[in-house]
Amino acid sequence: MNDNYTKWLENEKKWIDEIEKKAKRDKNLYSLLIVIGCAVVFGAIGLFASGSIDVNGMLHNMLFGSIFGIVCVLFFWLMMLSYYPAKRHMKSLKAQIEDVLTPEEREEFASQMLGAEGEVKDIPWTTGQWYEGITKWRVRITRDYILETCGRGGAQLVQLRKVANITVDERENTTISWGSGFRIRMTSKVYRILFYYQKYANGEKGKNDKEFIFERREIREEVSHYLHEMKIGE
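Predicted model, so just to flag it, every value in this text is computed and none were measured.

Q: When you look at the sheet that holds strand 2 (residues 135–141) in this model, what are you seeing that I'm missing?
A: The pairing of strands in a sheet comes from backbone hydrogen bonds and takes either a parallel or an antiparallel form. Pairing is antiparallel across the open sheet formed by four strands, whose spatial order is 1-2-3-4. In this open sheet, the two strands that pair with only one neighbour each are strand 1 (121–127) and strand 4 (155–159). Going across the sheet, the axis of each strand differs from the next one's by a mean of 10 degrees, ignoring polarity. Relative to strand 2, strand 1 runs antiparallel, the two sharing seven bridges. Along strand 2, the bridge assignment pairs threonine 126 with lysine 136. On top of the sheet, helix 1 (residues 3–48) reaches strand 2 and strand 3 (145–150); it is set at about 160 degrees to strand 2, its chief contact.

Q: Please clarify how the packing of aromatic side chains should be interpreted in this entry.
A: When we look at a pair of aromatic rings, we describe it by the centre distance and by the angle of the planes. Per the counting criterion, the structure on display carries eight aromatic pairs. Measuring from ring centre to ring centre gives 6.4 Å for phenylalanine 212 and phenylalanine 214, while their planes differ by 80 degrees; the resulting arrangement is edge-to-face. Across the pair, phenylalanine 214 and phenylalanine 212 agree in class, each one buried.

Q: Looking at this structure, how should I read the environment of valine 55?
A: Structurally, valine 55 can be placed in helix 2 (residues 55–81). Residue class for valine 55 comes out partly exposed when judged on its relative accessible area of 46%. When the C-alpha positions of valine 55 and alanine 44 are compared, they lie 9.7 Å apart, and in sequence the two are 11 residues distant.

Q: I tried to follow helix 4 (residues 103–113) on my own but got confused; where do I start?
A: Helical periodicity: at 3.6 residues per turn, an α-helix aligns residues three or four positions apart in one direction. Among all positions of helix 4, only Arg106, Glu107, Phe109, Ala110, Ser111, Gln112 and Met113 are buried. Lining the buried residues of helix 4 we find helix 1, helix 3 (86–98), strand 2, strand 3 and strand 4. Looking one or two places after helix 4, you find glycine 115, whose phi comes out positive at around 85 degrees.

Analysis parameters
- Here, residues in each chain are numbered from 1, in the same order as that chain's written sequence.
- Under the rules for a predicted model, residues below a pLDDT of 70 receive no local features and side-chain atom pairs below 80 are neither given nor counted, while totals for whole chains, interfaces and linings still include all residues.
- Neither water nor hydrogens contribute to the side-chain values; these are computed over all heavy atoms in the structure.
- What makes two strands pair is DSSP finding at least two bridges between them.
- Starting at the N terminus, helices and strands are each numbered in turn, a helix being any DSSP run of H or I of at least four residues and a strand any DSSP run of E of at least two.
- Every axis corresponds to a line fitted to the C-alpha atoms, with the helix fit spanning only the stretch in contact, and the corresponding angles, defined between N-to-C directions, vary from 0 to 180 degrees.
- Residue contacts are counted whenever heavy atoms from the two residues lie within 4.5 Å of one another.
- Stacked, edge-to-face and tilted labels apply to pairs of Phe, Tyr and Trp rings (six-membered ring for Trp) whose centres lie within 6.5 Å, assigned for plane angles under 30 degrees, over 60, and everything in between, in that order.
- Any residue under 20% of the maximum accessible area for its type is buried, any over 50% is exposed, and the rest in between are partly exposed; the area is computed with a 1.4 Å probe on protein chains only.

Shown next as structure tokens:
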């Protein structure tokens with residue numbers, strides 16, 4: 001009992017652990033660059049501070065720059081503690097699955113996700129840029145379930161057998177910031193898939209039970225295509 005579910009959880013742990021290991025490697029690299037960068041900047045200031053080349057001033061400043069860089073790294077490490085996703089991801093997975101599915105349903109779910117009961121549609125993609133952090137995402141679709149997981153920690157499960165209807169839409173998000181007398185207005189668009197179960201969400205007619213939000217239309221369309229292929233929510 002629970003063999004499939006345990007095996008599937010182990011696979012998920014391996015996936016998120018690899019993401020966390022990369023985050024830790026990046027942390028070490030960035031930490032080294034911070035210390036070197038501070039030492040170089042402080043050293044350059046000391047080299048020319050007196051109006052002429054001053055090697056002793058450069059070395060003195062590089063020492064203080066290194067110390068300042070190490071202090072910055074300590075704050076950087078504290079900030080990174082909340083970023084590591086493995087523990088948060090596994091907690092979210094279990095909340096989505098174990099709080100909703102019975103032990104028998106968990107076994108069925110895991111069996112489908114492992115590919116033992118038919119094909120699994122696996123759609124991976126990334127969001128973000130190198131300077132703000134790359135986030136890995138996955139949507140996996142089986143006969144009875146669709147699971148979205150995020151490499152920053154987080155998961156969302158939809159039981160397709162309960163779905164009565166699926167709709168798609170797009171929405172614009174606008175943020176306004178002020179600075180130096182200027183107003184900056186930024187607009188971004190997100191693409192959604194809305195899932196409506198056979199029973200109204202929280203007893204409210206017209207309220208969707210689950211929603212997936214995508215930053216790129218093509219990802220939303222690919223997921224929608226597979227759901228349409230399986231004739232879910234039609």
